[in-house]
Amino acid sequence: MLFLTELLGLKVFDLKGRRIGVVKDAALVPLVDPVRIDRYLVGGGWTWLTVRHDQIRSISLDGIHLRDENLTPYHADEYMLRMARDLLDQQVIDAQGRKVVRVNDLTFEILHEPAGDVLWVLDVDIGLRSIFRRLMQGVLPPRWIRRLQGPIGPNSIRWEFCNILEPDPQRRLRLNMSNRLLEEMHPADLADIVEELSHEDREAIFENIDSEVAADTLTEIEPGIQASILESLETEKAADIVEEMAPDEAADVLAGLEEETSAEILQEMEHAPKSEVRELLEFDEDTAGGMMNTEYVALPNDATVADAMRVLKDHEELLETLNTLFLIDAEERLTGVVPLARLFLHGGATPLTTLATDTLIDTLVDEQQDRVTELFDKYNLLALPVVDQNRKLAGVITADDIISVLRQK
Amino acid sequence: MPSALKRYRVHLAIFFGVFGPGFITAMVDNDAGGIYTYSQAGARWGYLPLWTLLPITILLIVSQEMCSRMGAVTGKGLSDLIREEFGLRITFGVMVVLVLANLTNLIADFAGIASSLELFHLSRYITVPLGAVTVWLLVVKGSYRSVEKIFLFACIVYIAYIISGILVRPNWKLAMVDSVRPVLIFDGEYITMVIAMVGTSIAPWMQFYQQSAVVEKGVTAKEIGESRIEVIFSCIMTSVIAFFIVVACAGAIYSVKPRDIQDAAEAAQGLRPFGQYATLLFAVGLFNASLFAACILPLSTSYSVCEGLGFESGVNKKFREAPIFYWLFTLLIVVGAGVILTPNFPLVKMILFSQVINGVLLPFVLIFMTLLINKRSLMKEWTNSRFYNVVAWGSVALMIGLTLALAAISIQDIRRGG
């Protein structure tokens, strides 16, 4: 095991045991190998030299001994991820711990391969122990530091769970950085992380992750930051993300943008979600119309349980959150509300009207927000249908919308 | 012109969107230590020191505007940036001194709570622990949004100083003339007073707090214009309040008999001949300012330290998630309040000492700031313009000179036995 704080400043010796210089930095070339240190940058005289990993015989706390001394002068290389310059003191995302952390030190594993020793990046060190090492680096001999740090508990993150932040898209490509770790996280966790980052890093994440994940994440982010993210993205990318959002969420986000930007994004969007979003945008944010979404399942009055099942099969994407079915007459006017769970207790031929709730509770599109939350509380609702002046079903407000409203107060 | 009106309204909306960070920072700047300095200046020298407020306002605007711009453009706190650009060791050093400086400032503020309430015959052995618990609960149990609202409301209480200044019926004509007429007297005490006025006006914690608050508020580069207006407005308000404190003490104490006062509460008492209300308002103002600063200082310190050293931080996190943040916050309050309750604690020496530490730290902070804000990789097109840089470096040099002088004077006073 070797820490970056120990590697930096380690003496490098040639074949005859003469000192060439000391290690100034170490670099991965992720395109070649994501964990093995590929090059060591050695400073001695006027210029820095590059030592390839296969030119090394042994690595220990006492120094690095070479087995090939044909070294080339160091030149900046976009494909290199330099440990000290690019990682030390910078922020990375701990995908497993779901938080943003700052790199204090790195831990390497020394592998004794037949050809010579190589270093593998093992952990990113955070916490007090690594701070202690950094402060003592160069002040005390490494072996003393190792002994003295004993009582402080270690705190580190496995290298494979670290997501490095790199705003420059060109460099991201050259460094072969994927967003797999972020895309695998729960959108709500990713949203918390994004809120903690700088504008540049937020933008970089949203530019690169899958639009569907981006949409789910954006939904969970607080409104002010939502707007600044969308405004920073290319219109096309922003439109892709907004398309993937539920229409009511999309309308909320767009309502928070400057008129010009939201018009551009709407323009860029595909047809189907666009018209729904546009309709929703017409409503005042503080009314039932502004709160509702248009993703609901409505069936004709004379439909049976079997009909309902058939329709639900076609709307599988809605099932995760759906808990209520609506009944409408020939003029699309709301006539009844059927709790989804009642479907399971009755045969396929049962008419849905017999399963509807006794009292029909609904609200008008221009009803005030406070009044709507009151209804949810009073009648213990999970979903509340919203109708227009002609009692035509316009949308539905669900309990999660109410929770967001209450949280924002 | 409807479109012009609309644009005006949009600007107003954006302004209130960015409103808060600069205003709170600037108001807290007039904490117990500041109020004492201004009171002393007025009581001892009358209206003469008023001219310093104009240059102070400019210095304040320059330093605070740089912070808010950095926060808006980078979305990172000042200690984050120092860490990323100057490394861990420097950050650690800055943080150690910052904790010390803020702790001593905090002690002065708990002293302000104690002495202002003693005017109402409340024992410090009740008020200080109560104040400490209130501060802790307010910050830890309240959400940031509600806490910010409470803070903004607390700012209104500063109007108390304006009213008490008016109640004293000072010589307005003289006050106006002295506000724009610089007077230099080559007298050791006078120069000390001038330096103290400038020195207490810009403290290192302010830059850290303001930048973090700007980031927390979600201000972006697009809103820099509005944010700048906020800073300018806030700094002017701070100086207006300082003006009224000086004027109140000049009118009430100096015009009767010039003398030195020992603490801010004594200034409040000096207003008594002008009615119960003048004293009452001055004392309420002092209590509010002290309590307010006692909330902000430990909070700001814990944020800066945890950001800089990479520990979890934030009042929205649980104790278990951000232990170091909460421990530091708690410890600062406990020590700050505990010191005040220690019998025979050398309080005056402590306050002088705090000025020394502030003086040592501020040059570094200002230099780091000016270096950071000129980095194109960080600030893109929002780096300082050449003119701004001249002003900034000039202010930095001036501030450094003055605070070092203040530190030197304070050290002398400590040697003499405070």
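About the criteria used
Residues numbered from 1 in each chain as written. Chains lettered and ligands numbered in written order. Predicted model: local features only at pLDDT ≥ 70, side-chain atom pairs only at ≥ 80, totals over all residues. Pairing = 2+ DSSP bridges. Helix = DSSP H or I, 4+ residues; strand = E, 2+ residues; numbered from the N terminus. Axes fitted to C-alpha atoms, helices over the stretch in contact; angles between N-to-C directions. Contact = placed C-beta atoms within 7 Å. Nonpolar A, V, L, I, M, F, W, Y, C, P; charged D, E, K, R; others polar. Buried ≥ 20, exposed ≤ 12 C-beta atoms within 10 Å, placed from the backbone. Domains from an automatic or database assignment.

### Structural notes on the sheet that holds strand β17 (residues 324-328) of chain A
Residues and elements named next belong to chain A.
1) Next: The strand order across the open sheet formed by three strands is β16-β17-β18, and the pairing between neighbours is mixed. With partners counted over all chains shown, the strands left at the sheet margins are β16 (298-300) and β18 (334-339), one partner each. Going across the sheet, the axis of each strand differs from the next one's by a mean of 30°, ignoring polarity.
2) Next: Across five bridges, the pairing between β17 and β18 is antiparallel. From the neighbouring strand, Phe-326 faces β18, where its bridge partner is Val-337.

### Some thoughts on the interface of chain B and chain A
1) Next: Taken residue by residue, the interface counts 14 residues in chain B and 15 residues in chain A.
2) Next: The leading source of residues in the side of chain B that touches chain A is helix α5 (residues 78-118) of chain B, at six residues.
3) Next: Its residues assigned to classes, the side of chain B that touches chain A comprises three nonpolar, six polar and five charged.

### Thoughts on the sheet that holds strand β10 (residues 91-94) of chain A
Residues and elements named next belong to chain A.
1) Next: Within the open sheet, the three strands sit side by side as β11-β10-β15. Their pairing is antiparallel. At either end of the open sheet lies a strand with only one pairing partner, and these are β11 (99-102) and β15 (162-164). Strand-to-strand twist across the sheet, computed as the mean angle between neighbouring axes with direction ignored, equals 40°.
2) Next: The pairing of β10 with β11 spans four bridges and is classified as antiparallel. Opposite Ile-93, over in β11, you have Val-100 as the bridge partner.

### A look at unusual backbone geometry
The phi torsion of most residues other than glycine is negative, and most of the peptide bonds are trans.
All names here are of chain A.
1) Next: A positive phi angle, near 55°, is found at Arg-98, a position not held by glycine.
2) Next: Under the C-beta neighbour-count criterion, Arg-98 is labelled partly exposed, with 15 such atoms within 10 Å.
3) Next: Even without being a glycine, Asn-380 presents a positive backbone phi close to 50°.
4) Next: Mapping Asn-380 onto the fold places it in the loop between α17 (369-379) and β20 (383-387).

### Some details on the domain arrangement of chain A
Residues and elements named next belong to chain A.
1) Next: Domain parsing of chain A yields domain 1 (2-160), domain 2 (179-282) and domain 3 (298-408).
2) Next: The straight-line distance from the C-alpha centre of domain 1 to that of domain 2 is 39 Å.
3) Next: Listed by partner, the interface residues are five residues for domain 1 and seven residues for domain 2.
4) Next: Its residues placed into classes, the side of domain 1 that touches domain 2 shows three nonpolar, no polar and two charged.

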